[in-house]
Amino acid sequence: MVPDLRRDTVRLGNLLSIAEQIQAFCMGRKTGEIYVTNVPPPARINMVDGAIVDAQFGLRSGLEAAIALINLKDPQTEFIVGEKPQRQTIDMPYVQILCEAARIKDEMAETERPTEPIRLAPTNPYLRVTLGNEIKTFPIRPGLAYVGRSTLNDIVIPDSTISQRHASIEYSRNGVFLKDLGSTNGTYVAGQQVKERWLSMQDSLQFGGVHCLFIGGVRK
């Protein structure tokens, strides 16, 4: 029988929320994996020296997966001490991740009122762009907008991995449509390179080496 190499496991059950665990483990500069046991795998958040570096929840990965897991109702968890990820998909301070998750949870609670109809069309969509320690927010307005390094674009991202005109985002009554414009370093949604894609609420995007979060509605 193959021995279990992950013996240093702290079984937490539902004693603490995932947000509380992250705060405690990150403040203690821990390295390991928060593993959710009561949902189908993969469902994990990885930390190295007190920083969140990777997350995966079903087909979602990176920041999108981390936020979804933080807002998961009644998670059963265990902490696997010393478990390190094979990649890094998140480069954001854990405090900002917790704040973003709380904000999205509040927005979701407002849209889930039983007396109101479900709105499928995009409502005030916007793009959050992370550049180092700086976060910029760009509203997505009806019509066609261009993303790129050039100042002639509607959404300007001054980063060397971004092409002069990298991608386009079109907001119509059908939803928000993303299209790569033959960029050098590619456009990604949830870690997968795409040429074009309808965007959904809380999609994690990447233009070149720049990580973004799209907040909006889903396609009608």
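Residues numbered from 1 in each chain as written. Predicted model: local features only at pLDDT ≥ 70, side-chain atom pairs only at ≥ 80, totals over all residues. Heavy atoms only, no water.

J.: Tell me about helix α1 (residues 18–27), residues and numbers included.
T.: Taken together, the buried positions of α1 are occupied by I18, Q21, I22, F25 and C26. All buried residues of α1 lie within an arc of 115° about the axis, which places them on one face of the element. (Buried < 20%, exposed > 50% of the residue type's maximum accessible area, 1.4 Å probe, protein only. Helix = DSSP H or I, 4+ residues; strand = E, 2+ residues; numbered from the N terminus. Arc of directions from axis to C-beta.)

J.: Hey, could you go over the pairing of strand β4 (residues 51–57) for me, with residue numbers and the actual values?
T.: With 5 of its 7 residues buried, β4 lies for the most part within the structure. Where strand β3 (residues 43–48) lies against β4, 6 bridges are found, and the strand directions are antiparallel. When the sheet's bridge partners are listed, I45 is paired in β4 with A55. Linking β3 back to β4 in an antiparallel pair, the connection comprises 2 residues, with D49 at a positive phi of about 50°. (Pairing = 2+ DSSP bridges.)

J.: So what's going on with the sheet that holds strand β1 (residues 9–13)? Which residues, and what values?
T.: Taken together, 6 strands build an open sheet; the order of strands is β1-β6-β2-β3-β4-β5 and the sheet is antiparallel. Looking at strand neighbours, the two that pair on one side only are β1 and β5 (60–61), the edges of this open sheet. Here helix α2 (residues 62–70) sits on the sheet and contacts β2 (32–36), β3, β4 and β5; the angle it forms with β4, its principal contact strand, is near 80°. (Contact = heavy atoms within 4.5 Å. Axes fitted to C-alpha atoms, helices over the stretch in contact; angles between N-to-C directions.)

J.: Please provide a residue-by-residue account of the side chain of E78, values included.
T.: Secondary-structure assignment places E78 in strand β6 (residues 77–81). Contact partners of E78, with chain neighbours within four places excluded, come to T9, V10, R11, L12, E33, I34, Y35 and T37.

J.: Let's hear about the layout of surface pockets: which residues, and what values?
T.: Roughly 520 Å³ of internal volume is contained in the second largest pocket. What lines the second largest pocket is a set of 30 residues, and nearest its centre among them are T89, I90, D91, H211 and C212. Where the lining of the second largest pocket is concerned, the elements lending two or more residues are α2, α3 (94–111), β7 (126–131), β13 (187–189), β16 (203–207) and β17 (210–215). Among the residues making up the lining of the second largest pocket, the classes are represented as 13 nonpolar, 12 polar and 5 charged. (1 Å grid on protein atoms, 1.4 Å probe; cavity = no way out; pocket = protein on both sides within 12 Å on 5 of 7 lines; lining within 4 Å. Points joined across faces, edges and corners; volume = space filled by probe spheres on them. Nonpolar A, V, L, I, M, F, W, Y, C, P; charged D, E, K, R; others polar.)

J.: Give me the confidence of the model for the protein: which residues, what numbers.
T.: Model confidence for the protein is summarised by a mean pLDDT of 86, while 89% of its residues fall at 70 or above. In this model residues 1–6 is a low-confidence stretch, pLDDT under 50, and it forms 3 contacts with partners more than four residues away in sequence or in other chains. Here residues 117–122 is a poorly scored stretch, pLDDT under 50, and it has 12 contacts once near neighbours within four places are set aside; other chains count. (pLDDT = per-residue confidence, 0-100.)

J.: Let's hear about the pattern of salt bridges: which residues, and what values?
T.: Applying the stated criterion to the full structure yields 6 salt bridges. Here E107 and R103 are joined by a salt bridge, their closest N and O atoms 2.6 Å apart. Residue E107 and its partner R103 are both found in helix α3; the two are separated by 4 residues, about one turn of the helix. Given the relative accessible area of 32%, E107 is considered partly exposed. Salt bridges sharing common partners tie together E100, R103, E107 and R128. (Salt bridge = Lys/Arg side-chain N within 4 Å of Asp/Glu carboxyl O.)

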